[in-house]
Amino acid sequence: MPKVNFLDSKTCTLVGLVTNVALAIFKLLAGIFGFSYAMIADGIHSVSDCLATSTVYVGLRIGERPADESHPYGHGNAETIAAFLVALIILATGAFVGISAVRLIVHQHFETPATIALAAAAASIVIKEGMFRYTFKVGERNNSPAVIANAWDHRSDAYSSVAALVGILGARLAFWYLDPIAGLAVSVLIVKMSIALLRPNIGILMDERPDTAILAEITATARKVSGVRAIDNLRAHRRGSTFTIDIEVAVDGGLTVEQGHQVASEVKSRLLGEVEHVQDVMVHVNPYRPS
Ligand SMILES: [Zn+2]
């Protein structure tokens, strides 16, 4: 049996999916047998989490496909689209939590939650915060927008459960208003989180340039190649979890085409080998002109 690597994006996503399916089944059963509307609603939320995590998994599967005739640059942005969809799912969750809180205030319909709801909310906070930390680590390590989006989905679930826990405790202590207040506060937090997540993914889809630190690393690596006198131009953009680089290097004008080509090949192989997450490099050679 092959060894399972838990730091792999797909493995991490499958762990998230199993967790979400287990939580959905548990909450729906607890809601139905405990006659708790809030618990059933929470279970339906877990079903939407299963949908989000499945979206991430599909995005990863499509994203890892190699370049083909109709997609010569690869399929990496399938991951970015998946991340974008997850951000929209989180946004919907935040709106739903907010609307539920407002309806609670309007209708003044408070139910006394069962003990199982208290246990479920507490367990959900611990499990989901743990899943957030694990998933976020894997997402950062693999530079994966889809896995990072999935991580934030886990954290938004932890936040929802905090609201549920506060509401349940409030109901127990007869502070009924705690439930809608916690709901509204968490709704604002989740909506802000989803917008913060939409932003970088739109950036990737719009070919926004990567962080200056990455550009500096690319420049420094290319400069190390002997024969490179200067970097004339550098453009890089992300496609899903990887970068594509277009770079113009200046070499001694007296070099032969063969020698210039040699320098360009060396630049390409060093960038591919030494800078993390680089998928492809296009090198153009200029004659060096001191300014
Ligand atoms: Zn969720």
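Residues numbered from 1 in each chain as written. Predicted model: local features only at pLDDT ≥ 70, side-chain atom pairs only at ≥ 80, totals over all residues. Heavy atoms only, no water.

### Some details on the overall build of the protein chain
Worth spelling out the cut-off: By definition, any uninterrupted DSSP run of H or I lasting at least four residues is a helix, any uninterrupted run of E lasting at least two residues is a strand, and each is numbered from the N terminus. For this measure, only C-alpha atoms enter the radius of gyration; the expected value for a globule follows 2.2 Å times N^0.38, where N is the number of residues. Any residue under 20% of the maximum accessible area for its type is buried, any over 50% is exposed, and the rest in between are partly exposed; the area is computed with a 1.4 Å probe on protein chains only.
Along the protein chain, the regular secondary structure elements total eight helices and three strands. Secondary structure elements in the protein chain, listed N-terminal to C-terminal, are α-α-α-α-α-α-α-β-β-α-β. Whereas a compact globule of 291 residues would reach a radius of gyration of roughly 19 Å, the protein chain reaches 25 Å, over 25% beyond that. Dimensions of the protein chain along its principal axes, counting C-alpha atoms only, are 85 × 50 × 30 Å. Out of the 291 residues in the protein chain, the part that is buried amounts to 43%.

### Section: the packing of helix H2 (residues 37–63) against helix H5 (residues 145–172)
Spelled out, the test is: All axes are obtained by fitting lines to C-alpha atoms, using only the stretch in contact for helices, and the reported angles, taken between N-to-C directions, cover 0 to 180 degrees. Throughout this description, any angle smaller than 35 degrees is read as roughly parallel, any larger than 145 degrees as roughly antiparallel, any in the 65 to 115 degree range as roughly perpendicular, and the remainder as oblique. Pairs of residues are marked as contacts when any of their non-hydrogen atoms sit within 4.5 Å.
Between H2 and H5, whose axes approach to 9 Å, the crossing angle comes to 170°. Between H2 and H5, the crossing angle belongs to the class labelled roughly antiparallel. On H5, the residues that touch His 45, Asp 49, Ala 52, Thr 53, Val 56 and Leu 60 of H2 are Ala 146, Val 147, Asn 150, Asp 153, Asp 157 and Ser 160.

### Observations concerning the domain arrangement of the protein chain
How big an interface is tends to be reported as the loss of accessible area on association of its parts. Operational definition: Domain start and stop points were drawn from an automatic or database domain assignment. Note: buried area is the sum, over both parts, of the accessible area (probe 1.4 Å) each one loses when the two are combined. One speaks of a salt bridge when a side-chain nitrogen belonging to Lys or Arg is within 4 Å of a carboxyl oxygen belonging to Asp or Glu. Polar contacts, as counted here, are pairs of nitrogen or oxygen atoms within 3.5 Å of one another; within protein the pair requires one atom able to donate a hydrogen and one able to accept it, and residues that are adjacent in sequence qualify only if both atoms are side-chain atoms.
Partitioning the protein chain into structural domains gives domain 1 (9–205) and domain 2 (212–287). On the side of domain 2, seven residues touch domain 1, which itself brings 11 residues to the contact. Roughly 790 Å² is buried in total at the junction of domain 1 and domain 2, and carbon and sulfur atoms are behind 48% of that figure. Its largest share of buried area at the contact with domain 2, domain 1 owes to Tyr 73, Asn 143 and Ile 204, together 60% of the area lost on that side. Where domain 1 meets domain 2, there are zero salt bridges. Here domain 1 is connected to domain 2 by four residue pairs in polar contact (both at pLDDT 80 or more). The element best represented in the side of domain 1 that touches domain 2 is helix H3 (residues 77–107), accounting for three residues.

### With respect to the nonpolar core
The following threshold applies: Buried Ala, Val, Leu, Ile, Met, Phe, Trp, Tyr and Cys residues form a nonpolar core when they are joined through side-chain atoms within 4.5 Å.
Grouped together as the largest cluster of nonpolar side chains are 22 residues, with contacts concentrated most on Val 86 and Ile 90. When residues of this core are traced back to their parent elements, those giving at least two are H2, H3, H5 and helix H6 (178–205). Ranked by residues supplied to this core, first place goes to H3 with seven residues. Beyond its immediate sequence surroundings of up to four residues, Ile 90 is in contact with Ala 149, Trp 152, Asp 153, Ser 156, Ile 190, Met 193, Ser 194 and Leu 197. Among the nonpolar cores identified, the runner-up in size contains 18 residues, and Leu 215, Val 275, Val 278 and Val 281 belong to it.

### Observations regarding the coordination of the zinc ion
Six octahedral donors around a metal ideally sit at 90 or 180 degrees from one another, while four tetrahedral donors ideally sit at 109.5 degrees. The criterion, for reference: Donor atoms are limited to N, O and S found within 2.8 Å of the metal ion, a distance that becomes 3.2 Å for Na, K and Ca. With water left out, some sites might look partial. Here a site with four donors is tetrahedral if all angles are between 85 and 135 degrees, and a site with four or six donors is square planar or octahedral if opposite donors are over 155 degrees apart and the other angles are between 65 and 115; anything else gets the irregular label.
Around the zinc ion, the protein contributes the donor atoms His 45 (NE2), Asp 49 (OD), Asp 153 (OD) and Asp 157 (OD), which lie 1.9 to 2.8 Å from the metal centre. Taken together, the four donor atoms surrounding the zinc ion define angles of 79 to 162° at the centre, an arrangement classified as irregular. Motif for the zinc ion, donor spacing along one chain: H-x3-D-x103-D-x3-D. One end of the pair, His 45, is in helix H2; the other, Asp 157, is in helix H5, and 112 residues separate them in sequence.

### Looking at the packing of aromatic side chains
So the rule is basically this: The pairing test for Phe, Tyr and Trp rings, Trp by its six-membered ring, is centres within 6.5 Å, and the orientation test on the planes gives stacked under 30 degrees, edge-to-face over 60, and tilted for anything in between.
Counted according to the given criterion, the structure contains four aromatic pairs. Between Phe 175 and Tyr 177, the ring centres sit 6.0 Å apart and the planes meet at 40°, which makes this aromatic pair tilted. On the basis of relative accessible area, Phe 175 is assigned to the partly exposed category, the value being 40%. Among the aromatic residues, those joined into a cluster by ring pairs are Phe 132, Phe 136 and Trp 152.

### Digging into the side chain of Thr 19
Its location among the elements puts Thr 19 in helix H1 (residues 9–33). When sequence neighbours within four positions are dropped, the list of residues in contact with Thr 19 reads Ile 127 and Met 131.

### Focus on the sheet that holds strand E3 (residues 278–287)
Stated formally: Paired strands are those between which DSSP finds at least two bridges.
Spatially, three strands are ordered E1-E2-E3 in an open sheet, and the strand pairing comes out mixed. Strand pairing shows two members of the sheet lacking a second neighbour, strand E1 (230–239) and E3, which therefore form its edges. Pairwise comparison of adjacent strand axes, ignoring direction, gives a mean angle of 15° for this sheet. In this structure, strand E2 (residues 242–251) lies alongside E3, joined through nine bridges in parallel fashion. Of the residues in E3, the one forming a bridge with Ala 250 is Asn 286.

### Section: the pairing of E2
Remark: a regular strand shows side chains that alternate across the two faces of the sheet. Taken across its 10 residues, E2 has seven buried, putting it largely inside the fold. Sheet analysis places E1 next to E2, joined by nine bridges and oriented antiparallel. Paired with His 237 across the two strands is Thr 244, which belongs to E2.

### Observations regarding the environment of Thr 221
As for its position among the elements, Thr 221 is in helix H7 (residues 212–223). The class for Thr 221 is buried, based on a relative accessible area of 6%. Between the C-alpha atoms of Thr 221 and Leu 271, which are 50 residues apart in sequence, the distance is 6.6 Å. Beyond its immediate chain neighbours, meaning those up to four positions away, Thr 221 contacts Arg 270, Leu 271, Glu 274 and Val 275.

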